[in-house]
Amino acid sequence: MSESKVRKINHIALAVNSLSEAENLYVNVLGFEVEHREVIEDQGVKTSMLLSREGETSIELLEPLDGSSPISEFLLKRGEGIHHICFEVENIENYLEHMKLLDIELIDESPRIGAYGATVAFIHPKSMNGVLVELAEIPKEKT
Ligand code: ZN
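No experiment lies behind these values; they were computed from the predicted model shown.

**Comments concerning the pairing of strand E7 (residues 119–123)**
Burial analysis of E7 places four of its five residues in the buried class, which makes it a mostly covered element. Pairing between strand E6 (residues 112–113) and E7: two bridges, direction antiparallel. Along E7, the bridge assignment pairs Arg112 with Val120. Connecting the antiparallel pair E6 and E7 is a turn made up of five residues, with Tyr116 showing a positive phi of about 60°. Direction of pairing for E7 relative to strand E8 (residues 133–137): antiparallel, over a ladder of five bridges. Within E8, the residue paired with Thr119 across the bridge is Glu137.

**Points about the layout of surface pockets**
Considering only enclosed or pocket space, the largest pocket measures out at about 1,100 Å³ in volume. Lining the largest pocket are 47 residues; nearest its centre among them are His11, Glu60, His84, Phe122 and Glu134. Every element with two or more residues in the lining of the largest pocket is listed here: strand E1 (8–15), strand E2 (33–40), strand E3 (45–51), strand E4 (58–64), helix H2 (70–78), strand E5 (81–88), E7 and E8. A total of six residues in the lining of the largest pocket trace back to one element, the largest contributor, which is H2. A class-by-class count of the residues in the lining of the largest pocket yields 23 nonpolar, 13 polar and 11 charged.

**Examining the pairing of E8**
Working note: regular strand, side chains alternate between the two faces of the sheet. Most of E8 is tucked away, with four of its five residues classed as buried. Here four bridges tie E5 to E8, and the two strands are oriented parallel to one another. Bridge pairing in E8 places Cys86 opposite Glu134.

**Some points on the coordination of the zinc ion**
Those donors, His11 (NE2), Glu60 (OE), His84 (NE2) and Glu134 (OE), are the protein atoms that reach the zinc ion, and they lie 2.0 to 2.2 Å from it. Because the angles between the four donor atoms bound to the zinc ion fall within 86 to 179°, the donor set is best described as irregular. All donors to the zinc ion come from one chain, and their sequence spacing reads H-x48-E-x23-H-x49-E. With His11 in strand E1 and His84 in strand E5, the pair connects residues that are 73 residues apart, well separated along the chain. Residue His11 shares its accessibility class with His84, and that shared class is buried.

**A look at H2**
Among all positions of H2, only Ile71, Ser72, Phe74 and Leu75 are buried. Burial along H2 is one-sided: seen end-on, the buried residues are contained in an arc of 160°. Of the exposed residues in H2, the ones pointing more than 90 degrees away from its buried face are Leu76 and Lys77. Where H2 is buried, its residues touch E1, E3, E4 and E5. Two or three places before Ile71, at the start of H2, stands the capping residue Ser69, its side-chain oxygen 3.0 Å from that residue's backbone nitrogen.

Cut-off values and rules
- Residues numbered from 1 in each chain as written.
- Predicted model: local features only at pLDDT ≥ 70, side-chain atom pairs only at ≥ 80, totals over all residues.
- Heavy atoms only, no water.
- Buried < 20%, exposed > 50% of the residue type's maximum accessible area, 1.4 Å probe, protein only.
- Helix = DSSP H or I, 4+ residues; strand = E, 2+ residues; numbered from the N terminus.
- Pairing = 2+ DSSP bridges.
- 1 Å grid on protein atoms, 1.4 Å probe; cavity = no way out; pocket = protein on both sides within 12 Å on 5 of 7 lines; lining within 4 Å.
- Points joined across faces, edges and corners; volume = space filled by probe spheres on them.
- Nonpolar A, V, L, I, M, F, W, Y, C, P; charged D, E, K, R; others polar.
- Donors = N, O, S within 2.8 Å, 3.2 Å for Na, K, Ca; no water.
- Tetrahedral: all angles 85-135°; square planar, octahedral: opposite > 155°, others 65-115°.
- Arc of directions from axis to C-beta.
- Contact = heavy atoms within 4.5 Å.
- Polar contact = N/O pair within 3.5 Å; in protein donor to acceptor, adjacent residues only side chain to side chain.

The following block contains the structure:
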């Protein structure tokens, strides 16, 4: 079932207290470029996508919008750090069906629209060796 093979890592996401401070660090110290900024109200986050010089490595920074954000909860419990890994897939719906059959615990039973117009679904860390995994299907014109 080749369509249920991950294409590549799309991004690694970090939970941070301050988006602007983290951006400065990644831009000024490591030479990343800010590709895109977006506020996702329904997830209670401000995001910034950083791109490496060769364009192959993306880091997503997540800052909570307020105290009710899941990112705020994460920061309280664990402090700043890696929040999730996003794998790029094709046919995300088939993927989720496949995972349901395998009794993998999904946070999103069906895909939704995430940042940057991607179709995304999160898989519970309980089923993924303690790592929150995001699956993303990128709109064709962006791949
Ligand atoms: Zn993400």
